[in-house]
Amino acid sequence: MPSTTDPLVLPSKRPKEQTSESHEPGYVVICWDDPVNLMDYVTHVFQKVFGWPRGKAEYHMLQVHNTGKSVLVRESLEKAEHYVHQLQRYSLHATMERED
Amino acid sequence: MQLLKRDQTGIVFLLGKRERELMISLLKRYPVMVGAHFRARHPARTPETKKNQEVLEEALAEQQNENRRALEQMLNETGRFSENELGFAFKLSHSEVDWLLQVLNDVRVGSWIQLGEPDTNAKAPPAATEENVQLAWAMEMAGHFQHILLEAVNAPAE
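The model shown is predicted, which means the values in this text are computed figures rather than measured ones. (Residues numbered from 1 in each chain as written. Chains lettered and ligands numbered in written order. Predicted model: local features only at pLDDT ≥ 70, side-chain atom pairs only at ≥ 80, totals over all residues.)

Looking now at the overall build of chain B. For chain B, the count of helices and strands is five helices and four strands. Mapped in sequence order, the helices and strands of chain B form the string β-β-α-α-α-β-β-α-α. When each of the 158 residues of chain B is scored for burial, the buried share is 22%. Put simply, 70% of the contacts in chain B that link residues at least 6 apart link residues at least 24 apart. (Helix = DSSP H or I, 4+ residues; strand = E, 2+ residues; numbered from the N terminus. Buried ≥ 20, exposed ≤ 12 C-beta atoms within 10 Å, placed from the backbone. Contact = placed C-beta atoms within 7 Å.)

Take a look at the structure:
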């Protein structure tokens, strides 16, 4: 049991997950080209992960293929982490960066 | 492997006897992908990013363990491959097709990385060692099965 001289530690009113920063768009999710991935596979993954129509998924797939990368979405920290995790589950090379 | 039937419940493929053996031996190689590959390509610039990468690598390893267990279960499941006069009917639900694509891509990309990422301009072709031949075989076979699965996914439903 703590003594009366122990410092009082109050719980944070806003845990890290609840900060406004984590809910505001400010992070970009980038997919990088790995030439081993089949083009149809990358399109399929974008459709599955983001729920995009095939045309939009193909547009980003071609951007990855032709330029080496594509910025897929601008999202909050939490959602950006979620998407990077999802893309890596499919063995796609994805990262997130804070948007300047 | 060829598409036999695609409907709302899932997709059925026809696999020859030898093809089935090839698929099973390919899937037994799973997992091949190492999460640290992504870290090596884009080293963390801040402690926050480094922590995120570590969390992602742990999540990937956990996912691979789960997939490994599910794969073993699938390969041993009665009725998953039902034999007929032409070979084996291989039944998958739509979510299983998506999952199998993930598994196959792990084998494909992981093998490619272990081969030294051939086909990128900066890399020399891999040496013709027995191990590399196995890796090249796994990479090509995984791509072959992925291609057929993706064609089936995009085929019109009956």
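Now that the structure is up, let's keep going.
Contact residues are listed per partner, giving 18 residues for chain A and 24 residues for chain B. Contributing elements (two or more residues each) for the side of chain A that touches chain B: helix H2 (39–50), helix H4 (77–89) and strand E3 (93–98) of chain A. Looking at the side of chain A that touches chain B, the element that brings in the most residues is H4 of chain A, giving five residues.

It is worth spelling out the sheet that holds E3 of chain A at this point. All names here are of chain A. Ordered by their spatial adjacency, three strands build an open sheet running E2-E1-E3, and the pairing between neighbours is antiparallel. Looking at strand neighbours, the two that pair on one side only are strand E2 (69–75) and E3, the edges of this open sheet. On average, each strand axis in the sheet is inclined to that of its neighbour by 25°, with strand direction left out of account. Bridging between strand E1 (residues 27–32) and E2 involves six bridges; their strand directions are antiparallel. Residue pairing in the sheet places valine 28 in a bridge with arginine 74 of E2. Along the sheet, H4 contacts E1, E2 and E3; its crossing angle with E3, the most-contacted strand, is approximately 165°. (Pairing = 2+ DSSP bridges. Axes fitted to C-alpha atoms, helices over the stretch in contact; angles between N-to-C directions.)

Don't take any of this as a statement about function, it's just geometry.
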